[in-house]
Amino acid sequence: MARVRSSSSSRLRYCNPAYYLKRPQRLALLLIAFVCVTLVVWDRQTLLKEHEEEVAKLNEQLSHLKSLVEDSQNVQGDAAKKNTLKDRDGEKEVGLDPIDIQRREKVKEAMIHAWSSYEKYAWGQDELQPQSKNGVNSFGGLGATLVDSLDTLYIMGLHEQFQKAREWVATSLDFDKDYEASVFETTIRVVGGLLSAYDLSEDKLFLDKAREIADRLLPAWDTPSGIPYNIINLAHGKPHNPSWTGGESILADSGTEQVEFIALSQRTGDPKYQQRAENVIVALNKTFPDDGLLPIYIDPERGRSGYSTITFGAMGDSFYEYLLKVWILGNKTSAVKPYRDMWEKSMKGLLSLIRRTTPSSFAYLCEKNGNTMTNKMDELACFAPGMLALGSSGYGPDESKQFLSLAEELAWTCYNFYQSTPTKLSGENYFFHDGQDLSVGTSWNILRPETIESLFYLWRLTGNKTYQEWGWNIFQAFEKNSRIESGYVGLKDVNTGDKDNMMQSFFLAETLKYLYLLFSPSSVISLDEWVFNTEAHPIKIMARHDADTSGKANGNDRPKIRLRGRKEGRSRD
């Protein structure tokens, strides 16, 4: 039954003395006074309570509206706070898809879970071992996960976590380590992570730290050819190559420092970083083949490639990626056109490695050794669809369409790497046999980002929401199989779901960042303003010109490229 609210005037009729004329007793008069006072007080309390309830409702509504506004601001993050949300053509404002908002928040929550687990069990150490709940210094104690995560925290609007990490960098990040460091890994994770944090926040602390670690890496380039050694002791120098390469340098390890070192020269005005990195390209161009494909081993003394595998997977991948990205980093000016020309040569070579399966006609990238083709493709090579999509716009209309179409075909194959296993997570590599399409080879999954990276680029460049759906399916598979109470782990076997004990730093730096951006507006880290290094650290695009290529450096400081012609696989338990 509905409750009827009485008016105050109807209740106060009992205060009229005429009402009690038939009851002249003093007690009645006293009762009149008592009733009057009681009713007046009760009435005021009732009205006050009703007023307070209305105020509470209004406050609740205000709080809800404030929350909605904050959520909308967090969608863009500080990285895009000056931008208006626009469609891909930049012509009109668009609303945010509620499903995208919901999914992006789920990814953000995953980042908070991963980060808080690292913070609780492995703070300041390189990586978290979630099952044993302890940290491990797999990169010499440089705080790899923390530095790798700086830009992800910033982009997601996790300000408190970012500031705490910034304080650790300021007070505890020490590079004077008696540690044999990978020049490549240290560059893409630490130099790249610090540069990205600087470009996003404009906090000079990060630039100073990036320069400090880069200075410790520079002696690795002191070779007769300019091709760097791949290992260096951070405290004592003394560069060398790993014994298992027979003294050779690795293609990806030697050709994946240009984005970071050129950017460092641009921001500091010191040309030495750019010079060392570009000397590598000068050396490689002296014998660059017509198909633009280089074997994975290079002699650092003579600068010549040895007889070894050609691959877009482990130890070859990011060399080709950086040919394109240095061109983008330099804002596609004439000063960096030689990189684009080299990349286009390599893409002709890539076309020669494309094969298709039966019966489903999945496109894949072969590996090559001499004249022998191997029908094997690493998950690491699944960066290639995104690279092809990103570079396709630099071609004329016909070739652009060809390479974008190939990118979409390869992305479909990479997505099926995930869909083909019981856990819906990809193995490390796949083999292809007539009549059988694809089968998993090495069956571990270490939370790699490459397929999601390509889905991100394809979504940004085509607007096809199918790529968002594929990315969401992969994210859900990670949530189901890799999330535990104390972080995220890889799988020892994607067929059984047996878990390992490592949360790779690139899971926070790359996998979750690309997933977050996959469900964010294109104005958040716009591809017109930023280029991602191979560890997904966004670096601000700055135009290069022949007369001024590195801040205070003049044109004579830049090595001239005479045209003739990714990251390595790792697994740890």
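Values in this document were obtained by computation on a predicted structure and should not be read as measured data.

Scoring rules and cut-offs
Residues numbered from 1 in each chain as written. Predicted model: local features only at pLDDT ≥ 70, side-chain atom pairs only at ≥ 80, totals over all residues. Heavy atoms only, no water. Pairing = 2+ DSSP bridges. Helix = DSSP H or I, 4+ residues; strand = E, 2+ residues; numbered from the N terminus. Axes fitted to C-alpha atoms, helices over the stretch in contact; angles between N-to-C directions. Contact = heavy atoms within 4.5 Å. Disulfide = S-S within 2.5 Å. UniProt positions renumbered as here; feature names shortened; annotations may be inferred. Parallel < 35°, antiparallel > 145°, perpendicular 65-115°, else oblique. Left-handed = near helix turned anticlockwise from the far one by under 90°. Nonpolar A, V, L, I, M, F, W, Y, C, P; charged D, E, K, R; others polar. Core = buried A, V, L, I, M, F, W, Y, C linked by side-chain atoms within 4.5 Å. Buried < 20%, exposed > 50% of the residue type's maximum accessible area, 1.4 Å probe, protein only. Polar contact = N/O pair within 3.5 Å; in protein donor to acceptor, adjacent residues only side chain to side chain. Phe/Tyr/Trp six-rings, centres within 6.5 Å; stacked < 30°, edge-to-face > 60°. Lys NZ or Arg CZ within 6 Å of the ring centre and 35° of its normal.

## Let's talk about the sheet that holds strand β3 (residues 180-182)
So, point 1. Spatially, β3-β4-β5 is the arrangement adopted by the three strands of the open sheet, whose pairing is antiparallel. The strands lining the two open edges of the sheet, one partner per strand, are β3 and β5 (237-240). Neighbour to neighbour, the strand axes of the sheet diverge by 30 degrees on average, direction disregarded.
So, point 2. With two bridges connecting them, strand β4 (residues 231-233) and β5 associate as antiparallel partners. Following the sheet pairing, asparagine 233 is matched in β5 by glycine 237.
So, point 3. Packed on one face of the sheet, helix α6 (residues 183-201) meets β3 and β4 and runs near 65 degrees to β3.

## Description of the state of the cysteines
So, point 1. Under the counting rule described, the total for this entry stands at one disulfide.
So, point 2. The disulfide bridge from cysteine 382 ends at cysteine 414, spanning 2.1 Å between sulfur atoms. Residues cysteine 382 and cysteine 414 are joined through a disulfide that is left-handed, its torsion about the S-S bond being -95 degrees. A residue pair is termed long-range when its members are at least 10 positions apart, and cysteine 382 in the loop between β12 (376-378) and α13 (384-392) and cysteine 414 in helix α14 (residues 397-419) qualify at 32 residues.

## Here's the deal with the UniProt feature "active site" (unreviewed entry) in the protein chain
So, point 1. In the numbering used here, UniProt assigns the feature "active site" (unreviewed entry) to Glu185, Asp317, Glu428 and Glu450.
So, point 2. Looking at where glutamate 185 falls in the secondary structure, it is placed in helix α6.
So, point 3. Position of glutamate 450 among the secondary structure elements: in helix α15 (residues 450-462).

## Brief notes about the packing of helix α7 (residues 204-217) against helix α9 (residues 258-268)
So, point 1. α9 packs onto α7 with a crossing angle of 125 degrees between their chain directions and a minimal axis gap of 11 Å. If you check the angle between α7 and α9, you find them oblique. For the pair α7 and α9, the sense of crossing is left-handed. Only Phe261, Leu264, Arg267 and Thr268 of α9 make contact with α7, whose side of the interface consists of Leu207, Ala210, Arg211, Ala214 and Leu217.
So, point 2. Across the contact of α7 with α9, the residue classes tally to six nonpolar, one polar and two charged.

## So, the nonpolar core
So, point 1. Ranked by size, the top nonpolar core spans 146 residues in total, and within it Leu194 and Phe312 carry the most contacts.
So, point 2. Dropping the residues within four chain positions of it, phenylalanine 312 is found in contact with Leu293, Asp317, Tyr320, Ser346, Met347, Leu350, Leu353, Leu365, Leu380, Ala381, Phe383 and Met387.

## Things to note about the side chain of aspartate 151
So, point 1. Looking at the element boundaries, aspartate 151 is found in helix α4 (residues 144-155).
So, point 2. Using a relative accessible area of 0% as the deciding quantity, one classes aspartate 151 as buried.
So, point 3. Separated by 2.7 Å, the side chains of aspartate 151 and histidine 537 make a polar contact.
So, point 4. In contact with aspartate 151, not counting residues within four places along its chain, are Ser196, Leu200, Lys513, Ala536, His537 and Pro538.

## Considerations on the environment of glycine 193
So, point 1. With respect to the element layout, glycine 193 can be found in helix α6.
So, point 2. Accessibility expressed as a relative area gives 0% for glycine 193, which makes it buried.
So, point 3. The sequence separation of glycine 193 and isoleucine 539 amounts to 346 residues, and the corresponding C-alpha distance is 9.3 Å.
So, point 4. Apart from the residues lying within four places of it in its own chain, the contact partners of glycine 193 are Val147, Ile188 and His537.

## Here's the deal with the sheet that holds strand β14 (residues 437-440)
So, point 1. As summarised here, the arrangement of the three strands in space is β12-β13-β14, forming an open sheet in which the pairing is antiparallel. The sheet is open, and its two edges are formed by β12 and β14, each paired on a single side. Neighbour-to-neighbour, the strand axes of the sheet open up by a mean angle of 30 degrees, direction not taken into account.
So, point 2. Strands in contact with α14 are β12, β13 (429-433) and β14; relative to β12, the strand with the most contacts, it is inclined by about 85 degrees.

## Remarks on the pairing of β14
So, point 1. As paired elements, β13 and β14 share four bridges and run antiparallel to each other. Within β14, the position partnered with phenylalanine 431 by the bridge is serine 439.
So, point 2. Where β13 folds back on β14, the antiparallel hairpin that results is connected by three residues, among which glycine 435 adopts a positive phi of roughly 80 degrees.

## Overview of the packing of aromatic side chains
So, point 1. Summed over all chains, the structure comprises 27 aromatic pairs.
So, point 2. Their ring planes at 40 degrees and their centres at 6.4 Å tell us that phenylalanine 417 and phenylalanine 432 sit as a pair that is tilted. With phenylalanine 417 in helix α14 and phenylalanine 432 in strand β13, this pair connects stretches of sequence that are 15 residues apart.
So, point 3. Of the residues examined, phenylalanine 417 reaches a relative accessible area of 0% and is grouped as buried.
So, point 4. Phenylalanine 432 gets classed as buried once you look at its relative accessible area, which sits at 5%.
So, point 5. Where phenylalanine 456 meets tyrosine 457, the ring centres are 5.2 Å apart and the plane angle is 55 degrees; that geometry is what we call tilted.
So, point 6. Judged by relative accessible area, tyrosine 457 falls into the buried class, the value being 2%.
So, point 7. Among the aromatic residues, those joined into a ring-pair cluster are Phe362, Trp412, Tyr415, Tyr467 and Trp470.
So, point 8. Sitting over the ring of tryptophan 327, arginine 340 keeps its end group 4.6 Å from the ring centre.
So, point 9. Positioned over the ring face of tyrosine 395 is arginine 340, at 4.8 Å from the centre of the ring.

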